[in-house]
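Close look at the chain arrangement
Now for the letters of each chain:
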Amino acid sequence: MFDVLVYLYETYYRPDACPEPEALVKKLSAIGFEEDEISQALGWLTDLEVANHEFADNYPRQTAFSFGTRIYARQESDVLGVEAIGFIQFLESAKMLDPMQREIVIERALAAGEAPITLEKLKVIVLMVLWSQGKEPDGLMFEELFLDEDDTEPRLLH
């Protein structure tokens, strides 16, 4: 599923630039993605679109102006794991994610069906949430999302 999501991000600048679902399925199949992978990815994206609308419609006052500390439920902690929670907190403290986006990222990570979710997959989820909202990550965030764990060079803080 995540390979399909990355392909869509790299191929289509915006979600509305994607072909209609039937044509997209054919294209993804022709490229070599398996049917179940395609189905999972497109279902996940459909649910992401629903989550974007639901959060925007139902939670704007509750989360948009939330400046407190986010406490994670046990189920969330089990699925996300310490590393993913720390990364989400980093993105939020650096103003790369707002509280609404954070909640959508958490919801989509829980929907991925893996526990704990790997940091690489969480980064794809963050990228897809921003992509679905028509937002492009700034340079620092893009670097953070695509930093290879094999990089041994320490980062310089500015």
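This one's a predicted model, so the numbers in the text were calculated from it and none came from an experiment. (Residues numbered from 1 in each chain as written. Predicted model: local features only at pLDDT ≥ 70, side-chain atom pairs only at ≥ 80, totals over all residues. Heavy atoms only, no water.)

The subject of this paragraph is the pattern of salt bridges. Tallying each qualifying case throughout the model produces seven salt bridges. For E103, the salt bridge is made with R70, and the minimal N-O distance between the two is 2.7 Å. Residue E103 is located in helix 6 (residues 99-111), and its partner R70 is located in the loop between helix 4 (60-64) and helix 5 (74-93); the two are separated by 33 residues in the primary sequence. Residue classification places E103 among the buried positions, given a relative accessible area of 13%. In this structure, K121 and E114 form a salt bridge, with 2.7 Å as the shortest nitrogen-oxygen distance. Overlapping salt bridges bring together R70, E76, E92, R102 and E103 as one network. (Salt bridge = Lys/Arg side-chain N within 4 Å of Asp/Glu carboxyl O. Helix = DSSP H or I, 4+ residues; strand = E, 2+ residues; numbered from the N terminus. Buried < 20%, exposed > 50% of the residue type's maximum accessible area, 1.4 Å probe, protein only.)

Moving on, we get to the nonpolar core. Ranked by internal contacts, the top residues of the largest apolar core, which has 46 residues, are L5, L8, L45, L80, I125 and M128. Contributing elements (two or more residues each) for this core: helix 1 (2-11), helix 2 (21-31), helix 3 (35-58), helix 5, helix 6 and helix 7 (119-132). Of the residues forming this core, the biggest block, 10 residues, is contributed by helix 7. Excluding anything up to four places from it in sequence, L45 contacts L5, L8, M128 and W131. (Core = buried A, V, L, I, M, F, W, Y, C linked by side-chain atoms within 4.5 Å. Contact = heavy atoms within 4.5 Å.)

The peptide bond linking A115 to P116 adopts the cis configuration, its omega dihedral lying at -10 degrees. As for its placement among the helices and strands, P116 is situated in the loop between helix 6 and helix 7. At K95, a residue that is not glycine, the phi angle is positive and equals roughly 65 degrees.

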